[in-house]
Amino acid sequence: GFSSVVIIVLGVANLLADGFSMAVSNYQSTKSQRQEVEQARRSEERQVEDIPEGEREEVRQIFAAKGFSGETLDKIVETITNDERLWVNTMLTEELGLELEGPDPLRAALATGTAFLMVGLLPLIPFLIPIFPVDTRFMASAVAAGFAFFAVGAAKGIVLNRPVVRSGVETFLTGGGAALLAFLVGSWLQAAFGFA
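Residues numbered from 1 in each chain as written. Predicted model: local features only at pLDDT ≥ 70, side-chain atom pairs only at ≥ 80, totals over all residues. Heavy atoms only, no water.

Under the defined criterion, the tally for this structure stands at two aromatic pairs. With centroids separated by 6.3 Å and ring planes inclined at 55 degrees, the aromatic side chains of Phe 63 and Phe 68 adopt a geometry described as tilted. Judged by centre distance (5.6 Å) and plane angle (35 degrees), the ring pair of Phe 138 and Phe 183 falls under tilted. Placement of Phe 138 in helix 7 (residues 137-159) and of Phe 183 in helix 8 (residues 164-193) is noted, with a sequence separation of 45 residues between them. Here Phe 183 falls in the partly exposed class, since its relative accessible area comes to 43%. (Phe/Tyr/Trp six-rings, centres within 6.5 Å; stacked < 30°, edge-to-face > 60°. Helix = DSSP H or I, 4+ residues; strand = E, 2+ residues; numbered from the N terminus. Buried < 20%, exposed > 50% of the residue type's maximum accessible area, 1.4 Å probe, protein only.)

Take the nonpolar core next. Counting 15 residues, the largest nonpolar core has Val 59, Phe 63, Ile 80, Trp 87, Met 91, Leu 92 and Leu 98 as its most contacted members. Mapped by element, the contributors of at least two residues to this core are helix 1 (4-50), helix 2 (52-65), helix 3 (70-81) and helix 4 (84-95). Residues in contact with Ile 80, not counting those within four places in the same chain, are Val 59, Phe 63, Leu 86, Trp 87 and Thr 90. (Core = buried A, V, L, I, M, F, W, Y, C linked by side-chain atoms within 4.5 Å. Contact = heavy atoms within 4.5 Å.)

Right, let's get into the environment of Ile 7. Structurally, Ile 7 can be placed in helix 1. The exposure class of Ile 7 is partly exposed, given its relative accessible area of 22%. When sequence neighbours within four positions are dropped, the list of residues in contact with Ile 7 reads Phe 2, Leu 124 and Phe 127.

Looking now at the layout of surface pockets. When its volume is computed, the largest pocket comes out at roughly 2000 Å³. Contributing to the lining of the largest pocket are 45 residues, with Pro 123, Phe 138, Ser 141, Ala 179 and Ala 182 lying nearest its centre. Counting residues per element, the lining of the largest pocket draws most heavily on helix 8, which supplies twelve residues. Of the residues contributing to the lining of the largest pocket, the split by class is 27 nonpolar, 15 polar and three charged. Each pocket or cavity is described by its volume, and for the second largest pocket that value is around 260 Å³. Lining the second largest pocket are Thr 30, Gln 33, Arg 34, Glu 36, Val 37, Glu 38, Leu 98, Glu 99, Leu 100, Gly 102 and Pro 103. Looking at the lining of the second largest pocket residue by residue, the classes come out as four nonpolar, three polar and four charged. (1 Å grid on protein atoms, 1.4 Å probe; cavity = no way out; pocket = protein on both sides within 12 Å on 5 of 7 lines; lining within 4 Å. Points joined across faces, edges and corners; volume = space filled by probe spheres on them. Nonpolar A, V, L, I, M, F, W, Y, C, P; charged D, E, K, R; others polar.)

End to end, helix 8 covers 43 Å across 30 residues, agreeing with the expected 44 Å (1.5 Å per residue, within 8%). The complete set of buried residues in helix 8 reads Ser 167, Gly 168, Thr 171 and Gly 175. Elements that come into contact with the buried residues of helix 8 comprise helix 7. At the exit of helix 8 stands Gly 194, carrying a positive phi of roughly 70 degrees. (Expected span 1.5 Å × (residues − 1).)

Taken together, the side chains of Glu 45, Glu 49, Asp 50, Asp 83 and Glu 84 present a region of like negative charge at the surface. The element that contributes the greatest number of residues to the negative patch is helix 1, accounting for three residues. Following the sequence through the fold, Asp 83 ends up in the loop between helix 3 and helix 4. Residue classification places Asp 83 among the partly exposed positions, given a relative accessible area of 37%. (Patch = residues over 30% accessible without salt bridge, like charges linked within 9 Å, V, L, I, M, F, W, Y side chains within 5 Å. Areas by Shrake-Rupley, 256 points an atom, 1.4 Å probe, with all protein chains shown as cover. Salt bridge = Lys/Arg side-chain N within 4 Å of Asp/Glu carboxyl O. Lys, Arg positive; Asp, Glu negative; His and termini not counted. Charge placed at Lys NZ, Arg CZ, Asp CG, Glu CD.)

Moving on: a nonpolar patch on the surface. Side chains of Leu 181, Val 185, Trp 188, Leu 189 and Phe 193 sit close together on the surface and give an oily, nonpolar patch of about 540 Å² of accessible area. One can find Phe 193 in helix 8.

Following the sequence through the fold, Thr 30 ends up in helix 1. Exposure remark for Thr 30: the relative accessible area of 4% places this residue in the buried category. At 2.8 Å, the side chain of Thr 30 and the backbone oxygen of Asn 26 are in polar contact. Excluding anything up to four places from it in sequence, Thr 30 contacts Pro 103, Asp 104, Pro 105 and Ala 108. (Polar contact = N/O pair within 3.5 Å; in protein donor to acceptor, adjacent residues only side chain to side chain.)

What follows is the structure in structure tokens.
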């Protein structure tokens, strides 16, 4: 029931706020992962310095659990523990399960924010382009939103090497469910409080 101008203003404001929020969240998350790795690195460096024999034995146990033994295991342990950086990196990845190379927080934030804005703009297009008849804009917006959900899911499937259609449908159903919930709550509030 709102005019196109109101819908565009509310839509763009929501899009910018949510896009910024998503970008900042990704920035903080990525930065926290880097800080976790650096904190663990300092801890492992202290342990290698303070209790080298205990850390050497941990390397031995890690590679023995992978099936190495005898002279081969001795050579692996010697090679790793002769290079302190390799030693610490091995403990970080093998013992603690950390990723040493993560994405740059600023680039991750920019990518998230940009992608969010690009995809989130699709449902607003019917209200931005005057060729859409007024009575079909809402339905065109809903179809655009559904397409956006499916496209994001399909892209996720490609990146994660999963079935593309299944991934697209899963994201479509999840996003569509959230959109439907928002629509139903809005309709209920409108009826309950008599908003025009």
